[in-house]
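One letter stands for each residue in the lines below.
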Amino acid sequence: MAAAPAPKTLAAFEAATGFMPLTEGLALYAAAAEAAALGLPLLEVGTYCGRSTILLADVAREAGTTAVTVDHHRGSEEQQPGWEYHDPELVDPAVVRMDTLPTFRRTLFHAGLEEHVVALVGRSPQVARIWNTPLGLVFIDGGHTDEHAGGDYEGWAPHVADGGLLVIHDVFPDPADGGQAPYRVYLRALASGAFTEVSVTDSLRVLRRTGPGS
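Residues numbered from 1 in each chain as written. Predicted model: local features only at pLDDT ≥ 70, side-chain atom pairs only at ≥ 80, totals over all residues. Heavy atoms only, no water.

**Some words on the side chain of His116**
What counts is decided by this rule: Helix and strand definitions follow DSSP, with helices as H or I runs of at least four residues and strands as E runs of at least two, each counted in order from the N terminus. Any two residues having at least one pair of non-hydrogen atoms within 4.5 Å are treated as being in contact.
Structurally, the position occupied by His116 is in the loop between helix H4 (101-111) and strand E5 (117-121). Excluding its chain neighbours within four sequence positions, the residues that come into contact with His116 are Ala57, Ala60, Arg61, Thr66 and Ala67.

**Structural notes on the sheet that holds strand E2 (residues 67-71)**
Note the threshold: A pair of strands is labelled paired if DSSP reports no fewer than 2 bridges between them. Axis definition: a line fitted to C-alpha atoms, over the contacting stretch in the case of helices. Angles run 0 to 180 degrees between N-to-C directions.
If you walk across this open sheet you meet the seven strands as E5-E2-E1-E6-E7-E9-E8, and the pairing is mixed. Pairing within the sheet leaves two strands with one partner each, and these edge strands are E5 and strand E8 (195-201). On average, adjacent strands in this sheet sit at an angle of 20° to one another, irrespective of strand direction. By the bridge criterion, four bridges tie strand E1 (residues 42-45) to strand E6 (residues 135-140) in an arrangement that is parallel. Looking across to E6, one finds that Leu43 is bridged to Val138. Most of the contacts of helix H6 (residues 146-156) go to E6, to which it runs at about 175°, and overall it touches E1, E2, E6, strand E7 (160-168) and E8.

**A few points about the pattern of salt bridges**
Worth spelling out the cut-off: Criterion for a salt bridge: a side-chain nitrogen of Lys or Arg within 4 Å of a carboxyl oxygen of Asp or Glu. Partly exposed describes any residue whose relative accessible area lies between the buried limit of under 20% and the exposed limit of over 50%, with all areas from a 1.4 Å probe on protein chains only and scaled to the type maximum.
In total, this model carries four salt bridges according to the counting rule given. Where Glu34 meets Arg208, a salt bridge forms, and the shortest distance between an N and an O atom there is 2.6 Å. Residue Glu34 is located in helix H2 (residues 22-35), and its partner Arg208 is located in strand E9 (residues 204-209); the two are separated by 174 residues in the primary sequence. Close ionic contact of Glu154 with Arg188 constitutes a salt bridge, the shortest N to O distance being 3.0 Å. Here Arg188 lies in helix H7 (residues 181-191) and Glu154 lies in helix H6, a separation of 34 residues in the sequence. Take Glu154: its relative accessible area is 45%, and that puts it in the partly exposed class. The exposure class assigned to Arg188 is partly exposed, which follows from its relative accessible area of 38%.

Function cannot be inferred from these measures alone, as they are strictly geometric.
The following block contains the structure:
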């Protein structure tokens, strides 16, 4: 299948609320297109409003597989009131808490991709504990603390199939560029001997499972 999204998909991605830049989105799409050859689901941790989900869902549609996205939809640490990435328009006034689920659903609807996505609403470690299906791709883009990024890795990396891809977002070797938790997860994956780096695109790292463990 094509290693780049069609113009309609690209337009939907760029119109969606989110933080992933185009260069990294194209790299994610290419990784997902490669991983889809395994015929297994593609899973992301950290849905937010569905910007990256569009790309995985489009690949899943073309490959005849399914995109799975996991999020509690209450926002990560940096999206809470008073923090840099807080968006007051995503606060549910009835409970006065973040709720990105309605925006996510609208994103998929307008992109015409609803039927190609399974959205799991819950905390990543809880969902991972009951998951038992091998995955062609795992994209880690959830919470950016050591607790949450490390938990996402521990919960989901073991499910990456042989030859499958582990993709980690917001990897910043220089602390001046961003938080270090995803970078430490990336180093941990390499040190495990289970994963080998395939590509680097800005803060996006693509690794392939080449050995057992995690």
